[in-house]
Amino acid sequence: MMHQLYPQVWHDYRYELNKDMHIAAAHFIPHEAAGSCANVHGHTYIVNVTVAGDELDESGFLVNFQTLKQLVHRKLDHTLLNDHSDWFDGHDPNRFPTSEVVARTIYETIQRYLDTLPHKPKCLQVFVRETSTSYVVYRPKAGDR
């Protein structure tokens, strides 16, 4: 069982949902500034997604936990992140599979799904822990929510 403390994002929505995931994946950062991270290596990422909204769907969910897991875990777990050319691109520094870009891309994927729901929940934050001492938080700007 995961017991993590995450940075909180202030909001005034009625409901807040958090989904934790472990993702075992490898990656490399194809840039000379990456040092040894330019070599293929792996992590067991801890990912937390925060979704909020004022209304529940017809089944009483803000969003189904399983759907969030399918959007992220099923795609990335036990893979080489660099192989996901639809998410990451070895020629574009804004799309290298760094923790920052992983967090942003998870956010974009989840929000794209949430935008299809009639009750319009919002992804407020994606937390990605790469190691026991290093993590990234991605939050959209207030105007992007």
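The structure this text deals with has already been given above.
Residues numbered from 1 in each chain as written. Predicted model: local features only at pLDDT ≥ 70, side-chain atom pairs only at ≥ 80, totals over all residues. Heavy atoms only, no water.

Caption draft 1: Examining the sheet that holds strand 2 (residues 41-53) more closely. On the basis of which strands lie adjacent, the open sheet formed by five strands has the order 3-1-2-4-5 and mixed pairing. Of all the strands in the sheet, just strand 3 (79-80) and strand 5 (134-138) have a single pairing partner and so form its edges. In this sheet, strand 4 (residues 122-131) lies alongside strand 2 in antiparallel orientation, the contact comprising seven bridges. Each residue of the ladder has a partner; that of Ala 52, found in strand 4, is Lys 122. Packing of helix 1 (residues 65-76) onto the sheet brings it into contact with strand 1 (15-27), strand 2 and strand 3, and relative to strand 1 it is tilted by some 15 degrees. This element, helix 2 (residues 99-114), spans strand 2, strand 4 and strand 5 of the sheet and lies at about 150 degrees to strand 4. (Pairing = 2+ DSSP bridges. Helix = DSSP H or I, 4+ residues; strand = E, 2+ residues; numbered from the N terminus. Contact = heavy atoms within 4.5 Å. Axes fitted to C-alpha atoms, helices over the stretch in contact; angles between N-to-C directions.)

Caption draft 2: View of the side chain of His 27. Examined against the element boundaries, His 27 turns out to sit in strand 1. Overall, the relative accessible area of 2% leaves His 27 in the buried class. Here the side chain of His 27 touches His 43 through a polar contact of 3.3 Å, side chain to side chain. A polar contact is formed between the side chain of His 27 and the backbone oxygen of Pro 97, at a distance of 2.7 Å. Beyond its immediate sequence surroundings of up to four residues, His 27 is in contact with Asn 39, Val 40, His 41, His 43, Tyr 45, Leu 80, Leu 81, Asn 82, Pro 97 and Glu 130. (Buried < 20%, exposed > 50% of the residue type's maximum accessible area, 1.4 Å probe, protein only. Polar contact = N/O pair within 3.5 Å; in protein donor to acceptor, adjacent residues only side chain to side chain.)

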